[in-house]
Amino acid sequence: MPPVRSLAAVFLLSTSVAGAQAPKRPLAQKDFDAWRAITGATLSNDGKWAVYSLVPQVGDGEIVVRAVPTGAEYRHSRGFLGRPETRAGAPPRTGDRAPAAQITADGKWVIFTIEPSRADVERAQREKKRLTDQPKNSLGLMSTGDGKVSVVERVRSFKLPKSSPRWLAYSIEPADTSAARRAARDSAPRPNAAAAAPGGQPRPVTDSTARAAGPKREMGSALVLRDLSSGQEIQIPDVSSYAFDDRGTWLAYTVGSKNGDTDGAFVRALGDGKVVALAAGKGNYKGLTFDKAGSEIAFVSDRDDFASKHPRFALYQAPLSGGAARAIVAHAAFGDSLIVQGGARIAFSDDGRVLEFGVAPPPLDSIPADSLADKAVFDLWNYKDARLQPQQKVEASRDRDRAYAAAVMLNGSGAGTVRVIGSDTLAQVSFSRSGRTALGQASLAYAIEAMWGEGGSDIYVVDVAAGTRKLVKAKVPSEGGPAGRMSPDGKYVAYYAPDSHWYAYSVATGKTADLTGGVKNVHFENEEWDTPSLPAPYGIAGWTKGDNSVLVYDRYDVWELDPAGVRAPRVVTDSVGRRQHITFRIVVLDTAESDGAFDPAKPILLRATDEKTKASGFWRDRIGASGAPVKLAMMDKQLSTPAKAKNADVYLFTEQTFAEFPDLYVSNGQFATASKISDANPQQQNYKWGSAELVAWSNADGVPLQGILFKPENFDASKKYPMVVYYYERLSENVHSYVPPAGRNVINPTVYVSNDYLVFEPDIVYKTGYPGKSAYNAIVPGVQALIAKGFVDEKNVGLQGQSWGGYQTAYVITQTNMFKAAMAGAPVANMTSAYGGIRWQSGLARAFQYEHTQSRIGGSIWDKRDLYLENSPLFYADKVQTPLLIMSNDGDGSVPWYQGIELFVGLRRFGKEVYLVDYNGDEHNPTKRANQLDIAMRMQQFFDHHLKGAPAPEWMEKGIPFLSKGRDQIAAKTVQQP
C-alpha cells in the first residue's frame, strides 16, 4: 500500500484550496517568510526515489522523499534551515545551510541532518544559553520501505561509502557540558592577565610560556559505525576524522584523545571487523586519502616531531593489505626551507603510482598584540609590492594556509623521488591523471600591471618525475577562466591567445598547433563583448578519450578540434546552432565526463537556448558521428541542467517561468514528456502575480535591443500604469526566470507587479569611453517605446539600479527630467575620486575596472581625463530635477561609500530632494535581513509616494535625527508595507 502524505502536507493542501476561493491579494513583506526554495535535489542510483529539501526564507525546513513511479511521498522536519542573517556585513554563505541528504547505493535509506527547530533555537536565545549548551543537530535515517525515521541526537557529521549500501558512519557531539563539569569549570579561579603584568598591561607571550602550553592537538569524539542491513552499531572513541573508500571495503579514521595515549591513524576492514593501526603516537593525523583501486591509503601526521615547539608533518603511505604506514616524506625532508602542509590536498594518481601533496614555507611566529602596546603599528606600502597592502590583508588567511604543489613517486623507476613543483612564482599547478605531467601557471611577474587590468599568466609544462619545466607560452590572458587547460592524459595543453585562436601544445614533441586559424567567419571569442579588454573565449567543453580531440564552443555550436593540428576542425552540432540562433552546451552526466573525457561513440546530451525567444530545452548528438543534433524538447521556459540517475535512464531537472516556480520534474532520456514531482509554494495561488514578456526596440544608435516587461495580473491595456525601470547590463535572458517575492535593495518585479506597477528591465550595450551615455541611449528610447503603446503613465515613471545600475541611475537623471523618482544603490558618482580608491572587500585597486572592465572608460585617468569628468554624475548635480533615494553603506567593500556621500552633498547644496540611507556596518548588498527588508520597504514607500500619490512617510517628511536613531524601528515593529 503506498504511503500517505504527512499531516503537514495535507494541511498545506487543504489551506491552499481554501485560500484559492478567496480574492487574491497583493504581496506584502509579511508574506515573504513562507516562500520556500528547493535545495539538494538528487535521485537514487536506480532512479526510483527523488529526494530534496524545502527551505523557507524564515522557518523550519523539511525533507521530501518521493517515489518516482508512484508519486507517494514521505516527509520529515529538517529544523531551522531558513535562518535570517542577523549580522550586518556578514560574509556570504557558501552552499546550502544544511548538507544535502544522501541516498544509500541501494536506495533503501535516506540519511540527512536535522537542525534544532526554530522554537528551540529562539528559546535558547531568550534564555541566553552559552554556545556549548545550545541545541545541537541530529541525524535522520529514513527507510524508503515504510517512511519511518530514526533520529540520533547530537550528531556532528555523517558519511556513506559511494558504492556500498551497507555502511553508515556518523560523529557524535562530545557530551562535555554536564552540570557537574560546567559547575567545576565556572568555579575554577581565572588568571588576571592585567594584574600579572607591570603597569597593569597584559604580559606578552614569551617563548617559554608558549613552549609550556605545548602544540595543539585536534580532539576527537565518538564515531558510530552502523550496519544498515542489521542495525548493529559499533562505537569508536575519540575520532577526529574518518573516511570510507568508494567500495565500502574500508573505514579509515584518526584518533585524537584527551591525554594522547591512543592517538593514531587506523583502518578497519568492514568485512571482518579487523582493525589495523597504521601509525600511533601523540600528535595530529589528517588528510585520510584512498587510492582509486582501494589498495593504498595516505595521510599526514606530526607525531615524529610533536615534542618540538612547532611540530612538522610527515607524509605517510600504507598498503591496505596490512602493515604499518611508512613516512615517504619525512618531517625534516626539506630542512628549514619548507614543511609538509598539514591542510593541503592529498591525491593519488589514477594508477596509484604518484601521490600529490602540498608543501609550504614554515609559518612565522605570531606577534602577541599586547607586546606592541608601546610600539609603532603601521602598514608600509612599497611600489615594488606585487600586491597592495589591503589585498595582502584580505588574503592573509589564504597566505598562511597556502601550499605549493608537490609529488612523490610511489613505485616504478624513480620510486621515492620527491618533487616540489609549485612556488611563489608558480602558484597554480594541476596534474594529469597519471600524475607524471603537470600544468603550471605563473602570474606573479604581471601582478603590478594586473592592478590596471593588463595582467596575464605564463604557462609551463612540468615533467614531474624529472622535476623539469618548459615554457609553453608567455603572458596568456585569463579572461573567463584559467590561462591554459591540460588534457586529461597529459598529452596536450590548450590555451586561447590574444589573436582569438585556440592553440594546443604537444608535451611529447614540444610543438604548438594553431587549431582554429583556418576557420573562417567564426568567432571563438565572445561576439557580444563590450568592455575595453580582450574578449574572453566561449570556453572548452572537454576532451575526448585518449586526448584525441578537444571540444570548444563558439557562440552557438560545439566544435571538435584535433590538438595535433592535423585533422580539420569539425562542427559537432552541424552549425544548427548558428543557423537557428540556438546556443548548444554539453551536459556533463557522469564522472568520466566531469574529468573531461567524453566517449565519442556514446551520445551526448545538449542543453539548448534560443537566443531570440529565450526558450530552452534538450537535444541529442554524437561526437563521433556526422549529422545534425536531434531535438528532444524545446519550450518557452527556463529548464535547468538535468541530473541523471547513475544506473537508470531517469533525469531530474526544473522548469520555470516568471509565474511558475522552478519545481522538480522527472523524465526519461527522450524528454518527450515530464512529470512534475514537487509543489514547493502552493500558497502562490492566493496572491496577485503577473506576467513577463520580451519587448524590442532600438537604442539611439540604431542597435536592436531586447528587454523584459513585467505586467500585473489582469493587465488592462486601456489603463495607464506607473512603471519602474530596473537595469544592470543585459537582463533579457531572465524573461523565463521565476523571481520569489523578497525584500532587497533591488526592484523585485514579482512584488511590484503584484502591487499594480509595470516593471521594465532593458538591455544595455556600451561604447567604450561613454558608459553613462550608452545607458541613457538604451534606457530612454526603450521607455519611450513603451509609452507609445499607451498603457504606461508617462508622468509616473521611476528608475532604480544597484551598484553599476546605481551609477547609471545617477547619470541618467543628470541628462533628462522625464523620470518622476529614482533610487540609486551604492552608486559611483565621481569617477575621478573612485578611480584611485580600493575595493576593500578584495583589497584590489579600482583602476582596472575603469580602464578595462565594467566602467568602460578604456584608459587611465591621465590618458582620458575628460571622459572621467564627462561620465561622472557629480559634475552635473545642478541639472538634476528628479527626487533621488540613495543607499550607501559604510561597510561597502565594493563601492566606496563616500561616493554616495559626494552625490548627496552635491544635490543638497542645490536644494534637490535627496535622501541617503546608510546601513551601519553593512555591505554593498546588505546581508542583515532586517536591513534588506527595510531598504525594500523605504524604496517602495518612496515610489508609492512619487508615482502613485501615496502620503509621504514620516522619514521623508521629517528625517530621523541622530538622537532619535532606532526609535522608528521600535515604533514600527508591527507596521507592514502596504
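Since the model is a prediction, treat every value here as computed from it, not as a measurement. (Residues numbered from 1 in each chain as written. Predicted model: local features only at pLDDT ≥ 70, side-chain atom pairs only at ≥ 80, totals over all residues. Heavy atoms only, no water.)

Student: Go over the pattern of salt bridges with me, naming the residues and quoting the values.
Tutor: In total, this model carries 50 salt bridges according to the counting rule given. Close ionic contact of R567 with D562 constitutes a salt bridge, the shortest N to O distance being 3.7 Å. Residue D562 is classed as buried on the basis of its relative accessible area, which comes to 7%. One salt bridge connects R938 with D968, and the closest N-O pair in it is separated by 3.1 Å. Separated by 30 residues along the polypeptide, R938 in helix α18 (residues 929–948) and D968 in helix α20 (residues 967–971) bring together distant segments of the chain. For R938, a relative accessible area of 8% puts it in the buried group. A residue is classified by how much of its surface remains accessible, and D968, at 24% relative accessible area, is partly exposed. (Salt bridge = Lys/Arg side-chain N within 4 Å of Asp/Glu carboxyl O. Buried < 20%, exposed > 50% of the residue type's maximum accessible area, 1.4 Å probe, protein only. Helix = DSSP H or I, 4+ residues; strand = E, 2+ residues; numbered from the N terminus.)

Student: Can you lay out the nonpolar core for me, pointing to particular residues and giving the numbers?
Tutor: Ranked by size, the top nonpolar core spans 54 residues in total, and within it M723, V725, I779, L799 and L884 carry the most contacts. A per-element tally of this core places helix α12 (residues 771–787) first, with seven residues. When near neighbours in sequence (up to four residues on either side) are disregarded, M723 contacts L709, L758, V759, F760, V783, L786, V792, N796, V797, G798 and L947. In this structure, L652, F658, V724 and L885 belong to the second largest nonpolar core, which totals 47 residues. (Core = buried A, V, L, I, M, F, W, Y, C linked by side-chain atoms within 4.5 Å. Contact = heavy atoms within 4.5 Å.)

Student: Lay out the sheet that holds strand β4 (residues 73–82) in plain terms, naming residues and giving numbers.
Tutor: Reading across from one edge, β1-β2-β3-β4 is the order of the four strands in this open sheet, with antiparallel pairing throughout. Every other strand in the sheet has two partners, leaving β1 (36–43) and β4 as the edge strands with one partner each. Strand after strand, the sheet turns through a mean of 20° between neighbouring axes, direction not considered. The pairing of strand β2 (residues 49–56) with strand β3 (residues 59–67) spans six bridges and is classified as antiparallel. By the bridge assignment for β3, W49 is matched with A67. (Pairing = 2+ DSSP bridges. Axes fitted to C-alpha atoms, helices over the stretch in contact; angles between N-to-C directions.)

Student: How would you sum up α12? Please name residues and give values.
Tutor: Given a rise of 1.5 Å per residue, 17 residues ought to cover 24 Å, and the 24 Å separating the end C-alpha atoms of α12 matches this to within 8%. Extensive coverage of α12 is indicated by the burial of 13 of its 17 residues. (Expected span 1.5 Å × (residues − 1).)

Student: Residue-level account of the environment of S371, with values.
Tutor: Among the secondary structure elements, S371 is positioned in the loop between β22 (354–360) and α6 (389–394). Assessed through its relative accessible area of 22%, S371 is described here as partly exposed. A polar contact of 2.6 Å, which involves the side chain of S371, links it to the backbone oxygen of P368. (Polar contact = N/O pair within 3.5 Å; in protein donor to acceptor, adjacent residues only side chain to side chain.)

Student: An account of a nonpolar patch on the surface is requested, with residue identities and associated values reported.
Tutor: Residues I367, L372 and V377 make up a contiguous nonpolar surface patch of about 300 Å² in total accessible area. Its location among the elements puts V377 in the loop between β22 and α6. (Patch = residues over 30% accessible without salt bridge, like charges linked within 9 Å, V, L, I, M, F, W, Y side chains within 5 Å. Areas by Shrake-Rupley, 256 points an atom, 1.4 Å probe, with all protein chains shown as cover.)

Student: Requested: an account of the packing of aromatic side chains, with residues and values cited.
Tutor: All chains considered together, the criterion is met by 32 aromatic pairs. On the numbers, 5.2 Å between centres and 55° between planes, the contact of Y752 with Y757 is tilted. You'll find Y752 and Y757 in the same group, each marked buried. When the centroid spacing of 6.2 Å and the interplanar angle of 40° are considered together, the rings of Y850 and Y868 count as tilted. One end of the pair, Y850, is in helix α15 (residues 847–851); the other, Y868, is in helix α16 (residues 865–870), and 18 residues separate them in sequence. For Y850, a relative accessible area of 1% puts it in the buried group. One aromatic cluster is present, built from ring pairs that chain together W35, F661, Y687, W689 and Y738. (Phe/Tyr/Trp six-rings, centres within 6.5 Å; stacked < 30°, edge-to-face > 60°.)

Student: Before we move on, can you summarise unusual backbone geometry with the specific residues and values?
Tutor: Note on backbone geometry: most residues besides glycine have negative phi, and most peptide bonds are trans. Its identity is not glycine, yet K128 carries a phi of approximately 55°, on the positive side. Take K128: it is sitting in the loop between α2 (118–126) and β7 (138–143). With phi around 45°, K475 is a residue other than glycine that occupies positive phi space. Mapped onto the secondary structure, K475 falls in strand β28 (residues 468–476).

Student: I'd like a rundown of the pairing of strand β39 (residues 603–610), residues and numbers included.
Tutor: As paired elements, strand β37 (residues 582–587) and β39 share six bridges and run antiparallel to each other. The residue of β39 that forms the bridge with V587 is L605. By the bridge criterion, seven bridges tie β39 to strand β40 (residues 616–622) in an arrangement that is antiparallel. Looking at the pairing, P603 lines up with R622 of β40. Following β39, the chain reverses through five residues before pairing antiparallel with β40; K614 in that reversal takes a positive phi of roughly 70°.

Student: How would you summarise the sheet that holds strand β32 (residues 512–514) if you had to cite specific residues and measurements?
Tutor: Spatially, the four strands line up as an open sheet ordered β29-β30-β31-β32, and their pairing is antiparallel. The sheet is open, and its two borders are formed by β29 (484–486) and β32, each paired with just one other strand. Neighbour-to-neighbour, the strand axes of this sheet turn through a mean angle of 25°, independent of strand direction. The sheet contact formed by strand β31 (residues 502–506) and β32 spans three bridges and is antiparallel. The residue bridging Y505 from the neighbouring strand is T512, located in β32.

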